[in-house]
Amino acid sequence: SVTMFVTVLGGSLPMPVVTPEHLVAMKMAAGRDKDLLDISYLLGSGHVDKPAARTIVKKHLGAYAAQEFDGLVEEAEWMATRKNPTARKRRTGRR
């Protein structure tokens with residue numbers, strides 16, 4: 001069983017907060033450009049249990065979405081291994 005939310009303490013009141021795995025599925029369902037950027041960030045953050053997220057995506061969005069999720073994971077992992085040339089140019093002042 002996968003939990004859809006966790007409870008965190010905000011001051012003295014507990015608050016339900018969606019899990020990163022469900023957040024990825026929700027953003028995939030929305031499908032806006034900014035959601036895809038958020039998914040890439042989340043997948044690269046190390047806070048997402050990727051197998052659990054894939055299970056959630058497949059259950060709620062279908063097999064094709066699960067295949068798309070696999071591609072997003074591959075892309076996020078590839079991006080994590082690259083150096084950031086834009087940041088390097090900014091630091092050195094070169095364009």
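Our subject is the structure listed above.
The following refers to the structure shown. (Residues numbered from 1 in each chain as written. Predicted model: local features only at pLDDT ≥ 70, side-chain atom pairs only at ≥ 80, totals over all residues. Heavy atoms only, no water.)

Per the secondary structure count, the protein includes five helices and two strands. Taking all 95 residues of the protein together, the buried fraction comes to 23%. Long-range contacts, defined as pairs at least 24 residues apart, comprise 41% of the intrachain contacts of the protein with a sequence gap of at least 6. Accessible surface computed for the protein: about 7100 Å², of which carbon and sulfur atoms make up 56%. (Helix = DSSP H or I, 4+ residues; strand = E, 2+ residues; numbered from the N terminus. Buried < 20%, exposed > 50% of the residue type's maximum accessible area, 1.4 Å probe, protein only. Contact = heavy atoms within 4.5 Å. Areas by Shrake-Rupley, 256 points an atom, 1.4 Å probe, with all protein chains shown as cover.)

On to the packing of helix α2 (residues 33–45) against helix α4 (residues 63–81), then. Two numbers describe how α2 lies on α4: the axes approach to 9 Å, and their chain directions differ by 65°. Between α2 and α4, the angle is such that the two are roughly perpendicular. The hand of the α2/α4 crossing is right-handed. Every residue of α4 that contacts α2 at Ile39, Ser40, Leu43 and Gly44 is listed here: Phe69, Leu72, Val73 and Ala76. Class assignment of the residues belonging to the contact of α2 with α4 gives a composition of six nonpolar, two polar and no charged. (Axes fitted to C-alpha atoms, helices over the stretch in contact; angles between N-to-C directions. Parallel < 35°, antiparallel > 145°, perpendicular 65-115°, else oblique. Left-handed = near helix turned anticlockwise from the far one by under 90°. Nonpolar A, V, L, I, M, F, W, Y, C, P; charged D, E, K, R; others polar.)

Turning to the nonpolar core, a few remarks are in order. Core analysis: the largest hydrophobic core is formed by 15 residues, its most contacted members being Val24, Met28, Ile39, Leu43, Val48, Val57 and Phe69. When residues of this core are traced back to their parent elements, those giving at least two are α1 (20–30), α2, α3 (50–61) and α4. The greatest single-element share of this core, amounting to five residues, is contributed by α4. (Core = buried A, V, L, I, M, F, W, Y, C linked by side-chain atoms within 4.5 Å.)

It is worth spelling out the pattern of salt bridges at this point. Taken as a whole and assessed by the stated rule, the structure comprises five salt bridges. Of the charged contacts in the structure, one is a salt bridge between Lys27 and Asp38, with a shortest N-O distance of 2.7 Å. Of this pair, Lys27 sits in helix α1 while Asp38 is found in helix α2, placing the two residues eleven residues apart along the sequence. Among the residues examined, Lys27 registers a relative accessible area of 16% and is labelled buried. Residues Asp70 and Arg54 are paired through a salt bridge, measuring 2.7 Å at the closest nitrogen-oxygen approach. (Salt bridge = Lys/Arg side-chain N within 4 Å of Asp/Glu carboxyl O.)

Attention now moves to a nonpolar patch on the surface. Residues Met4, Val6, Val8, Met15, Val17, Val18 and Met26 make up a contiguous nonpolar surface patch of roughly 550 Å² in combined accessible area. Listing elements by their share of the nonpolar patch, those giving two or more residues are β1 (5–10) and β2 (13–18). At three residues, the largest contribution of residues to the nonpolar patch is made by β2. When you line up the elements, Met15 lands in strand β2. (Patch = residues over 30% accessible without salt bridge, like charges linked within 9 Å, V, L, I, M, F, W, Y side chains within 5 Å.)

Another aspect to go through is the environment of Ala80. One can find Ala80 in helix α4. Of the residues examined, Ala80 reaches a relative accessible area of 61% and is grouped as exposed. Along the sequence, Ala80 and Leu43 sit 37 residues apart, while their C-alpha atoms lie 9.7 Å from each other.

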